[in-house]
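# A closer look at the structure
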Amino acid sequence: MRDTRRSRVALGVLLGFSLLLLTVDHRGGPDSPLGPVRAAAASFFGSMEYAVAAVVAPVGAAVDVAREAPVAKRRIRDLEEENVALRRMLAANRQALVRYGSMEKLLRTAALGEYKIVPGQVIARRGQPGFEDTVEIDAGARDGIKRDMTVMNGDGLVGRVVRVSPATSTVVLITDPGSAAGVRLETSREIGVVHGLGKGRAVMRFQLLDSNAHLAPGTRIVSFGSESNRPYVPGLPVGVIERVEQTPGELTRTAYARPYVRFSSIDVVGVVVQAPPREARTAVSPGRPPVRPTAEQRGR
Amino acid sequence: MARGISTGLLVLVSLVVQVSVLNRLPLPGGIAADLLLVEVVAIGLCRGAFTGTVSGFVIGLVSDAAPPADHPLGYYALVFCVTGFLAGRSLERSGETSVALAMFCVAVGTMLFPIVGLMLGDERIAWGLVGRMLPLALLYNLLVCPLLVWLLGRVLGRRP
C-alpha cells in the first residue's frame, strides 16, 4: 500500500512537472528558458543520429529497393522486352544495311553488263560437305525465273537455276562438284572450263583447252557464255587463277582458280532474266551465187 | 544497478534507432512502431508503478529533447509517465506480467498521444489524421510489443 502511494505521489509530482515544463516551454516559444537543455540534447543525440544515419543509409536504400521491387520487377520486365525488341530491330537494320550494300553492288555489276536481273535472297543452303553445293533463293517462277538462268551477285558468277517452284528456286553454285562452266581468260580470250570442287573448297579447277596457251597466276577468268545465254551469260567475272599445275604432255592445262564470289557468306543474288540486248545484226551473205543452168534446164 | 544501466543503454540505443532507422524506413502508411513507448510499458510491467512512472518521465523527457523535435518539452514525458504508471499499476493489480496486459498498456499509451496533444492544443492533430494514423500506429506498436517486452524482461529480470 505504501508502494502504491509512493507511485501515486511520483505520478502526481511528475505529471505536474511535465505540465510545468510544457507550460514554460510553450509560453517561452523560441526564447524558452529550456533552450539550453534542448541545445545540449541536440548536440548529443544529433551526433549519434548522424553517425547511425551514415551507417544505416544503405539499409534504408535496401528497404526502398525491396518496397519498390514489384514495380521495379514489372519495369524490368517491360524494359527487357523493349530491349529484346530494340535489339531485334537493330540486328534487322544492320542486316538490311548489309543487304542494301550487296544489293547495290549487284545492281551496279548488273548495270555494267546491262543484265536484267531479278533479285533474290538465299534462304537455304544444302550443307553436305563434299557433295552438292546448292542454295535456295526466295524468287521463283512468279518472278519470271526459269530453269537454267544465270545467277550472279555483285562479285560475279554464282551459279545457275536448276529447279523452279512458284516462289523459290534452286541454284547450283559453280563450286558444286558437278558444275562446269565455260570461261575465258580475260586478256588472251583463251577458252577453258571451270569445275567446282565442292563445298568447303575455296578453289575451282580450271582447264584450259589449249595446252600451249600462256597461263599465269593472277589471270582473271570471265564467263564465256552459253548458247542463247543459258545457263551462263557471257562476261561475268568468275575468279582468278591462283595456281597452275604442271601437266606436260596432256591435252589440256589445269589450274586452280579462286572464285570472286564469297560462297561461304552468300546472301543477295540476282537471277539474270535477260541478257544484254545485242545490237541487231543483219545476216551477212557473200552475195548471190552466179546462176548456173541445171541439167534439167539444159536438157529442156 | 547493472540492470538499470543496461536498461538505460537499451533505451538510448532504441531512441537513436527509432529516429535514425525505424522512422526512415519506408513502411506502409509512413509511420513506424514507437519503441520507447513499448519499452516504458515493459519497464512498468517488470518493476511496478513507481519505477514505471519515473522511467517513463525520464525516457519521455530525453525523447522530448532529442532532435528532431517540434513539440513542447514535456509532451512525451507526460504521456510516458502516465503509461509507465498505468503499466506498473496493472502489474500490481494482476500480480503477473502477460503479453495481453502489455498490449493493453501499449494501446492506451498510443491513444494517449493524440489525446494529450489535443489537450495541449496542438493544431497538427486533426481528427482525420488521427483516424487514419491511429489504427496503423496501434498495429505497429502491438507487433513489436511481445518482442520488446520479452527483451526487457530478460534485461531487467522479473520481480513479482
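Predicted, not measured: the structure shown is a model, and the values here were computed from it. (Residues numbered from 1 in each chain as written. Chains lettered and ligands numbered in written order. Predicted model: local features only at pLDDT ≥ 70, side-chain atom pairs only at ≥ 80, totals over all residues. Heavy atoms only, no water.)

### Brief notes about the packing of helix 4 (residues 75-94) of chain B against helix 5 (residues 99-120) of chain B
Residues and elements named next belong to chain B.
- Contact pair helix 4 / helix 5: the axes reach a minimum separation of 9 Å and the direction vectors enclose 150°. With respect to each other, helix 4 and helix 5 are oriented roughly antiparallel. The element helix 4 and its partner helix 5 pack so that their crossing is right-handed. Contacts between helix 4 and helix 5 involve Tyr-75, Tyr-76, Leu-78, Val-79, Phe-80, Val-82, Thr-83, Leu-86, Ala-87, Ser-90, Leu-91 and Ser-94 from the first element and Leu-101, Cys-105, Val-108, Gly-109, Leu-112, Phe-113, Pro-114, Val-116, Gly-117 and Leu-120 from the second.
- Each residue belonging to the contact of helix 4 with helix 5 can be placed in one class, and the counts come to 17 nonpolar, five polar and no charged. (Axes fitted to C-alpha atoms, helices over the stretch in contact; angles between N-to-C directions. Helix = DSSP H or I, 4+ residues; strand = E, 2+ residues; numbered from the N terminus. Parallel < 35°, antiparallel > 145°, perpendicular 65-115°, else oblique. Left-handed = near helix turned anticlockwise from the far one by under 90°. Contact = heavy atoms within 4.5 Å. Nonpolar A, V, L, I, M, F, W, Y, C, P; charged D, E, K, R; others polar.)

### Observations concerning the packing of aromatic side chains
- Counted under the stated rule, the structure contains seven aromatic pairs over all chains.
- Here A:Phe44 and A:Phe45 contribute two aromatic rings whose centre-to-centre distance is 5.0 Å and whose plane-to-plane angle is 75°, an arrangement assigned as edge-to-face.
- On the basis of relative accessibility, which here comes to 42%, the residue A:Phe44 falls in the partly exposed class.
- Taking the relative accessible area as the measure of exposure, A:Phe45 reaches 4% and is therefore buried.
- With a centroid separation of 5.8 Å and an interplanar angle of 90°, the aromatic rings of B:Phe80 and B:Phe113 are classed as edge-to-face. Linking B:Phe80 in helix 4 with B:Phe113 in helix 5, this pair joins segments that are 33 residues apart in sequence.
- Three or more aromatic residues joined by ring pairs form one cluster here, namely B:Tyr75, B:Tyr76, B:Phe80 and B:Phe113. (Phe/Tyr/Trp six-rings, centres within 6.5 Å; stacked < 30°, edge-to-face > 60°. Buried < 20%, exposed > 50% of the residue type's maximum accessible area, 1.4 Å probe, protein only.)

### Thoughts on the nonpolar core
- Core analysis: the biggest nonpolar cluster contains 54 residues, and B:Val41, B:Leu45, B:Ile59, B:Val79 and B:Phe80 have the highest contact counts within it.
- Of all the secondary-structure elements, those providing two or more residues to this core are helix 1 (2-28) and helix 2 (35-67) of chain A together with helix 1 (2-20), helix 2 (35-47), helix 3 (49-65), helix 4, helix 5 and helix 6 (127-156) of chain B.
- When residues in this core are grouped by element, the largest group, ten residues, is from helix 2 of chain B.
- Ignoring sequence-local partners within four residues, the contact set of B:Val41 consists of B:Thr83, B:Ala87, B:Ala102, B:Cys105 and B:Val106.
- Counting residues in hydrophobic clusters, the runner-up holds 45 residues, among them A:Val135, A:Ile221, A:Phe263 and A:Val269. (Core = buried A, V, L, I, M, F, W, Y, C linked by side-chain atoms within 4.5 Å.)

### A short note on the UniProt feature "coiled-coil region" (unreviewed entry) in chain A
- In the numbering used here, UniProt assigns the "coiled-coil region" (unreviewed entry) feature to residues 62-96 of chain A.
- Spanning residues 62-96 of chain A, this segment combines 97% helix with 0% strand, and its end C-alpha atoms are found 45 Å apart. (UniProt positions renumbered as here; feature names shortened; annotations may be inferred.)

### Focus: the interface of chain B and chain A
- Contacts between the two partners involve 35 residues from chain B and, on the opposite side, 32 residues from chain A.
- Carbon and sulfur atoms make up 77% of the area that chain B and chain A hide from each other, which totals about 2800 Å².
- Across the chain B-chain A interface, the total number found is zero salt bridges.
- Our count for the chain B to chain A interface comes out at two residue pairs in polar contact (both at pLDDT 80 or more).
- Among the secondary structure elements, those contributing two or more residues to the side of chain B that touches chain A are helix 1, helix 3 and helix 4 of chain B.
- Of the residues forming the side of chain B that touches chain A, the biggest block, nine residues, is contributed by helix 3 of chain B. (Buried area = accessible area lost by both parts, 1.4 Å probe. Salt bridge = Lys/Arg side-chain N within 4 Å of Asp/Glu carboxyl O. Polar contact = N/O pair within 3.5 Å; in protein donor to acceptor, adjacent residues only side chain to side chain.)

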